[in-house]
Amino acid sequence: MSELWPVVAIMGPTASGKSGLALELAGLFKGEIISADSAQVYAPLEIGVAKPSPLELAQVVHHGVGQLGLEENFSLAAFITEAQRLIPALWRRGQLPLVVGGTGLYVRGLLEGYLLEEAPPDEGLRASLNSQPLELLLSRVASLDPATYRRLDRRNKRRVTRSLELILQRGAPLVDSPRRPPPYAVLKLALRWEREALYKRIDERLEAMLERGWLQEVEGLVRAGWAERLQELRILGYPQLIEVVLGRRTLEEARQEIKFATHRYAKRQETWLRREPGVHWLEASDAPLERAQSLVAQWLESLPAELQERRGAGPV
RNA sequence: GCCGGGGUAGCUCAGCUGGUAGAGCAUGCGACUGAAAAUUGCAGUGUCCCCAGUUCGACUCUGGGCCUCGGCA
């Protein structure tokens, strides 16, 4: 029996319309959505993370949206573990698994079959490491785990800290994760926009989020005592709006900063995506839904018969 | 109208006791197998407001003009 499971991945920069496309495809092909998004997992974050609406959540089953409290930590390993469990389960129930999200590392980690040990972060340890100078962290990594030291980006304190945290936690050197052959038959779709048009969409979406009460949402979070935690998580826009709530910055300043930060984010996502192999690009200006629909239909037909049979209820 | 500040990169500004200029942000390109909406590297860009003068040489000094901000009228 084959170990291969089918999955559709929908990628693209922020504000490119991934969620909408995924909803449509889920409706057309009887699918469920597995969210590959490191910010939408948090239940208390709503407007600013562009979470699907309650109606949309009711129409299509979403996994990985709003299932953590702010006191919890999400991670690549946790995402992969959960998605690996879900994909076969969905297919057996006759549902098409749609992995949707802008966190490129998560999608790649899943599809390339990274094998990572779960290592829940230790807040106390993390805090103490964060307060130490980079040089010290580096020398500790160098003595505990020379191999990791060599491959690490040594200018990047965040990475150095996280590696040391993992080394200390497991009490042994990290292995560059072994990889098993990708266990999925994947159709990768990605949405592409002209840069200028995408930035415009981002800006308009920000205005819409503010109109819907994003600032009030942040006020509530600050009142509930989450300011520090949110500064730490650095989820786009939240730190800037917290500054507004605390009166250290005007809304106008924050609005501009958030726009720029989101542009940069979108650009980084595109840089990442360009190196992703086997992507079918959908031009946003060229009927992306229709193209996606026909690509998915063709791809489903091309799957081995044994896989199709395994799909409980069969294609719609 | 008078007094004062200012006109330098797309934006905000620094700078040169005279030798044609720079930072942050923006923008572009990149890295990234463990917090990734994070973190991080690299790059380009200029009639230095205009005209004249002094000078071997002016973005820098002098004179005039234009524009702008603030105060007083």
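Residues numbered from 1 in each chain as written. Chains lettered and ligands numbered in written order. Predicted model: local features only at pLDDT ≥ 70, side-chain atom pairs only at ≥ 80, totals over all residues. Heavy atoms only, no water.

## Considering the overall build of chain A
Link 1 in the chain: Helix and strand counts for chain A stand at 15 helices and six strands.
Link 2 in the chain: Against the globule reference of 20 Å for 316 residues, chain A gives a C-alpha radius of gyration of 21 Å, in line with a compact fold.
Link 3 in the chain: In terms of overall dimensions, chain A has C-alpha extents of about 55 × 50 × 35 Å along its principal axes.
Link 4 in the chain: Per-residue burial over chain A gives 48% buried out of 316 residues.
Link 5 in the chain: Counting only contacts in chain A whose residues sit at least 6 apart along the sequence, the fraction spanning at least 24 positions is 78%.
Link 6 in the chain: When the 42 positive and 41 negative side-chain charges of chain A are each reduced to one mean point, those points stand 4 Å apart. (Helix = DSSP H or I, 4+ residues; strand = E, 2+ residues; numbered from the N terminus. Rg over C-alpha atoms; globule rule 2.2 N^0.38 Å. Buried < 20%, exposed > 50% of the residue type's maximum accessible area, 1.4 Å probe, protein only. Contact = heavy atoms within 4.5 Å. Lys, Arg positive; Asp, Glu negative; His and termini not counted. Charge placed at Lys NZ, Arg CZ, Asp CG, Glu CD.)

## Let's talk about helix α6 (residues 134-144)
Link 1 in the chain: Within the span of α6, buried status applies to Leu134, Leu137, Leu138 and Val141. Seen end-on, α6 carries its buried residues on one side only, within an arc spanning 100°. Looking at α6, the residues exposed on the side facing more than 90 degrees away from the buried face are Glu135 and Ser143.
Link 2 in the chain: Buried positions along α6 lie against α5 (123-130), α7 (146-151) and α8 (157-170). (Arc of directions from axis to C-beta.)

## Quick notes on the pairing of strand β1 (residues 5-11)
Link 1 in the chain: Summarising burial for β1: seven of the seven residues are buried, a large majority.
Link 2 in the chain: Alternating positions in β1 separate into two faces, Trp5, Val7, Ala9 and Met11 on one and Pro6, Val8 and Ile10 on the other, with burial throughout.
Link 3 in the chain: Inspection of the sheet shows β1 paired to strand β5 (residues 184-192) by seven bridges, in the parallel sense. Within β5, the position partnered with Val7 by the bridge is Val186.
Link 4 in the chain: When β1 meets strand β4 (residues 96-100), the two strands line up parallel, connected through three bridges. (Pairing = 2+ DSSP bridges.)

## Focus on the pattern of salt bridges
Link 1 in the chain: Under the criterion given, the structure shown has 16 salt bridges.
Link 2 in the chain: Here Arg126 makes a salt bridge to Glu165, at a shortest N to O gap of 2.9 Å. In this pair, Arg126 sits in helix α5 while Glu165 sits in helix α8, placing the two residues 39 residues apart along the sequence. Each member of the pair, Arg126 together with Glu165, is buried.
Link 3 in the chain: Because the salt bridges share partners, they merge into one network encompassing Glu207, Glu252, Arg255 and Lys259. (Salt bridge = Lys/Arg side-chain N within 4 Å of Asp/Glu carboxyl O.)

## Regarding the protein's contact with RNA strand B
Link 1 in the chain: Inspection of the region around RNA strand B gives 44 residues, with Ser38, Asn156, Arg162, Arg234 and Arg274 positioned closest.
Link 2 in the chain: Between Tyr199 and RNA strand B, the recorded distance is 3.1 Å, taken from a side-chain N or O atom to a phosphate oxygen.
Link 3 in the chain: Within the side chain of Arg268, an N or O atom sits 2.4 Å from a phosphate oxygen of RNA strand B.
Link 4 in the chain: Looking at the surface near RNA strand B, the elements with two or more residues in it are α4 (104-111), α5, α8, α9 (195-211) and α13 (251-274).
Link 5 in the chain: Of the residues in the surface near RNA strand B, the class split is 16 nonpolar, 11 polar and 17 charged. (Near = heavy atom within 4 Å. Polar contact = N/O pair within 3.5 Å; in protein donor to acceptor, adjacent residues only side chain to side chain. Nonpolar A, V, L, I, M, F, W, Y, C, P; charged D, E, K, R; others polar.)

## Topic: the confidence of the model for chain A
Interpretation of the predicted coordinates at a detailed level should be avoided for regions scoring low in pLDDT.
Link 1 in the chain: Of the residues in chain A, 97% reach a pLDDT of 70 or more, and the chain-wide mean stands at 92.
Link 2 in the chain: Scoring the predicted complex yields pTM 0.92 and, for the interface, ipTM 0.91. (pLDDT = per-residue confidence, 0-100.)

## Here we look at α4
Link 1 in the chain: Among the eight residues that make up α4, seven are buried, leaving the element largely enclosed by the rest of the structure.
Link 2 in the chain: Within the sequence span of α4, burial applies to Gly104, Tyr106, Val107, Arg108, Gly109, Leu110 and Leu111.
Link 3 in the chain: The positive-phi residue at the C-terminal boundary of α4 is Gly113, with phi of around 75°.

## As for the nonpolar core
Link 1 in the chain: Counting 75 residues, the largest nonpolar core has Phe79 and Trp214 as its most contacted members.
Link 2 in the chain: In terms of residue count, the dominant contributor to this core is helix α3 (residues 76-92) (eight residues).
Link 3 in the chain: Residues contacting Phe79, with those up to four places away along its chain left out, are Ile34, Ser35, Ala36, Phe74, Val99, Tyr106, Val107 and Leu110.
Link 4 in the chain: By size, the runner-up hydrophobic cluster in this structure holds 12 residues, among which are Leu138, Leu152, Val160 and Leu174. (Core = buried A, V, L, I, M, F, W, Y, C linked by side-chain atoms within 4.5 Å.)

## Focus on unusual backbone geometry
Link 1 in the chain: For Ala50, which is not a glycine, the phi torsion comes out positive at approximately 55°.
Link 2 in the chain: Within the element layout of this structure, Ala50 appears in the loop between β2 (31-35) and α2 (54-59).
Link 3 in the chain: Taking the relative accessible area as the measure of exposure, Ala50 reaches 27% and is therefore partly exposed.
Link 4 in the chain: In this structure, Arg234 takes a positive phi of about 55° despite not being glycine.
Link 5 in the chain: Inspection of the secondary structure assignment puts Arg234 in the loop between α11 (227-233) and α12 (238-245).

## Re the environment of Ser131
Link 1 in the chain: Along the polypeptide, Ser131 turns up in the loop between α5 and α6.
Link 2 in the chain: When its relative accessible area of 59% is taken as the criterion, Ser131 is described as exposed.
Link 3 in the chain: Here the side chain of Ser131 touches Ser128 through a polar contact of 2.8 Å, landing on its backbone oxygen.

## Comments concerning the sheet that holds β5
Hydrogen bonds along the backbone pair up the strands of a sheet, which may run parallel or antiparallel.
Link 1 in the chain: Here six strands make up an open sheet; going across it, the order is β3-β2-β4-β1-β5-β6 and the pairing parallel. Of all strands in the sheet, those with a lone pairing partner are β3 (62-63) and β6 (279-283), marking the two edges.

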